[in-house]
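# Reading the structure
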Amino acid sequence: MSCRCAPALVVLRDEVNAEWSDRDKASDGCCGNAEHAARKSDHNPDENGYAHALDVDEDILLNVGPRPLWDTLLPILLADDRTRYVIYEGWIMWPDGTNKPYTGVNAHKH
């Protein structure tokens, strides 16, 4: 089955790219690879072909603070009712304020 980003994630990616246009985008993506396909992952397409996860590389070389995604984007994401969870720097966070260490295959520390 083909895979594409869910429409809201396309908007989010475009907004991140507009705000931080000089960042490294090498690790960006919605659709999972073969490793994702072998397990349950929101990077795998649903029955309509949409992936519901977005990886965004944080290598931002702008003077916007030490962790611009954490300081700027994370509060916005967690306040959005479409967000199920965010994995960032070895933590998984839910909109209800629950946070715990993330023990999945990729801790999202790069």
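Everything numeric in this text was worked out from a predicted model, so none of it was measured. (Residues numbered from 1 in each chain as written. Predicted model: local features only at pLDDT ≥ 70, side-chain atom pairs only at ≥ 80, totals over all residues. Heavy atoms only, no water.)

### Observations regarding the overall build of the protein
Using the following cut-off: Only DSSP runs of H or I covering at least 4 residues are called helices, and only runs of E covering at least 2 are called strands; the numbering of each starts at the N terminus. The rule is simple: take the accessible area with a 1.4 Å probe, protein chains only, and divide by the maximum for that residue type; under 20% is buried, over 50% is exposed, in between is partly exposed. Any two residues having at least one pair of non-hydrogen atoms within 4.5 Å are treated as being in contact. The protein chains shown are the only cover counted for residues, whose accessible areas, like all others here, come from Shrake-Rupley with a 1.4 Å probe.
A count of helices and strands for the protein gives three helices and five strands. Taken from N to C terminus, the helices and strands of the protein fall in the order β-α-α-β-α-β-β-β. Buried positions account for 30% of the 110 residues belonging to the protein. Long-range contacts, defined as pairs at least 24 residues apart, comprise 46% of the intrachain contacts of the protein with a sequence gap of at least 6. By element, 52% of the accessible surface of the protein is carried by carbon and sulfur atoms, the whole surface being about 7,100 Å².

### Some words on helix H1 (residues 7–19)
Condition: By this rule the span expected of a helix is its residue count minus one, scaled by 1.5 Å. Here the arc refers to the set of directions running from the helix axis out to each C-beta atom.
For H1, with 13 residues, the first-to-last C-alpha span of 19 Å sits near the 18 Å given by 1.5 Å per residue. Where H1 is concerned, the buried positions are Leu9, Leu12 and Val16. End-on view of H1: buried residues confined to an arc of 60°, all on one side of the axis. In H1, the exposed residues that point more than 90 degrees away from the buried face are Pro7, Glu15 and Ala18.

### Some details on the state of the cysteines
Condition: Put simply, a disulfide is two cysteine sulfurs that come within 2.5 Å.
Under the definition given, this model contains two disulfides. Shown here is the disulfide that connects Cys3 with Cys31, its sulfur atoms set 2.2 Å apart. Where Cys3 bonds to Cys31 through sulfur, the torsion about that S-S bond is close to -95°, and the disulfide is left-handed. Here Cys31 lies in the loop between H1 and helix H2 (34–37) and Cys3 lies in the segment before strand E1 (4–5), a separation of 28 residues in the sequence.

### Let's talk about the packing of aromatic side chains
Definition in use: To pair, rings of Phe, Tyr and Trp, with the six-membered ring standing in for Trp, must have centres within 6.5 Å; the planes then decide the type, stacked if under 30 degrees apart, edge-to-face if over 60, and tilted in the middle. Charges are assigned to positions over rings by a cutoff of 6 Å between ring centre and Lys NZ or Arg CZ, combined with an angular limit of 35 degrees from the ring normal.
Throughout the structure, instances matching the rule amount to zero aromatic pairs. The ring of Tyr50 is capped by Arg4, whose NZ or CZ atom sits 4.2 Å from the centre of that ring.

### Remarks on the environment of Arg82
We apply this condition: We define a polar contact as two N or O atoms separated by no more than 3.5 Å, with the added condition that, inside protein, one atom must be a possible hydrogen donor and the other a possible acceptor, whereas residues neighbouring each other in sequence contribute only through side-chain atom pairs.
As for its position among the elements, Arg82 is in the loop between helix H3 (68–79) and strand E3 (86–88). Sequence separation between Arg82 and Pro95 is 13 residues, and the spatial gap between their C-alpha atoms is 9.6 Å. At a separation of 2.7 Å, a polar atom in the side chain of Arg82 contacts the side chain of Asp80.

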